[in-house]
Amino acid sequence: MLCPGIMVVTGVIMCNLPREPSDSPMSARTIEVRTGGRGRRGHPGLGLLAGLIVIAWIVELIDQNIAPDLDLYGVIPRTIVGLTGVIFMPWLHSGWDHLLNNTVALLGLGVIVILAEGRRFATTTLILVLISGFGTWAIADLGHAAKGVHIGASGLIYAYFGYILARAIWGRRLVWA
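Residues numbered from 1 in each chain as written. Predicted model: local features only at pLDDT ≥ 70, side-chain atom pairs only at ≥ 80, totals over all residues. Heavy atoms only, no water.

Moving on, we get to the overall build of the protein chain. A count of helices and strands for the protein chain gives five helices and three strands. Secondary structure elements of the protein chain occur, N-terminal to C-terminal, as β-β-β-α-α-α-α-α. Residue burial in the protein chain is summarised as follows: out of 177 residues, 33% are buried. Within the protein chain, contacts between residues at least 6 apart in sequence are counted, and of these 64% link residues at least 24 apart. Carbon and sulfur atoms make up 68% of the accessible area of the protein chain, which amounts to about 11,300 Å² in all. (Helix = DSSP H or I, 4+ residues; strand = E, 2+ residues; numbered from the N terminus. Buried < 20%, exposed > 50% of the residue type's maximum accessible area, 1.4 Å probe, protein only. Contact = heavy atoms within 4.5 Å. Areas by Shrake-Rupley, 256 points an atom, 1.4 Å probe, with all protein chains shown as cover.)

Looking now at the packing of helix α1 (residues 45-65) against helix α3 (residues 96-117). Taken N-terminus to C-terminus, the directions of α1 and α3 make an angle of 170°; their axes are 10 Å apart at the nearest point. When the axes of α1 and α3 are compared, the pair comes out roughly antiparallel. Along the contact surface, α1 presents Gly45, Leu46, Leu49, Ile53, Ala56, Trp57, Glu60, Leu61 and Gln64, while α3 presents Trp96, Leu99, Leu100, Thr103, Leu106, Leu107, Gly110, Val111 and Ile114. Looking at side-chain class alone, the contact of α1 with α3 contains 13 nonpolar, four polar and one charged residues. (Axes fitted to C-alpha atoms, helices over the stretch in contact; angles between N-to-C directions. Parallel < 35°, antiparallel > 145°, perpendicular 65-115°, else oblique. Nonpolar A, V, L, I, M, F, W, Y, C, P; charged D, E, K, R; others polar.)

Turning next to the side chain of Thr136. Secondary-structure assignment places Thr136 in helix α4 (residues 121-139). Judged by relative accessible area, Thr136 falls into the buried class, the value being 19%. Residues within four places of Thr136 in sequence aside, it is in contact with Val75, Pro77, Met89 and His150.

Together, Leu72, Tyr73, Ile87, Phe88 and Leu126 line one region of the surface with nonpolar side chains, adding up to about 520 Å² of accessible area. As for its position among the elements, Leu72 is in the loop between α1 and α2 (85-88). (Patch = residues over 30% accessible without salt bridge, like charges linked within 9 Å, V, L, I, M, F, W, Y side chains within 5 Å. Salt bridge = Lys/Arg side-chain N within 4 Å of Asp/Glu carboxyl O.)

Let us now look at the environment of Trp91. Topologically, Trp91 is positioned in the loop between α2 and α3. On the basis of relative accessibility, which here comes to 18%, the residue Trp91 falls in the buried class. With sequence-adjacent residues up to four places away left out, Trp91 is seen in contact with Leu52, Ile55, Ala56, Val59 and Val129. Among the polar contacts made by the side chain of Trp91, one reaches the main-chain carbonyl oxygen of Leu52 at a distance of 3.3 Å. (Polar contact = N/O pair within 3.5 Å; in protein donor to acceptor, adjacent residues only side chain to side chain.)

Dropping the structure here:
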């Protein structure tokens, strides 16, 4: 066994190692290993943000190769069927260029929201997805049949931007760290 006495204290793994094999357990040194996201400096939302981006890439891979009609599950304005797209919209994209552009913006603004929100990042993201999705559903143009389905993470990206701007104005802080 590598570490005979392991304790986990608020996300920090403590391992008591003897100084020498002949030392008694009382004369042990402590090694600290911070687990990502739980320590004072960790950012728990980074894994979630990375996971959301990976899901979008996997969905696009499936959409391009296996099930080319996934884009039909986006938001269709002012229809009951279109409400299901509120949740699916950020992960559906029209192609690789659309996905790449959204990934760059989502990653950049998402990291800023993580710095601002920390542990509330998942809740904040869910609320912003719902607000942007319902907003799209309520005010978007139906257009013609091909243009009536709204997909992409642009709504979430603009919601992140608006959220960051609002926090900066109301909190009178430009940087969170």
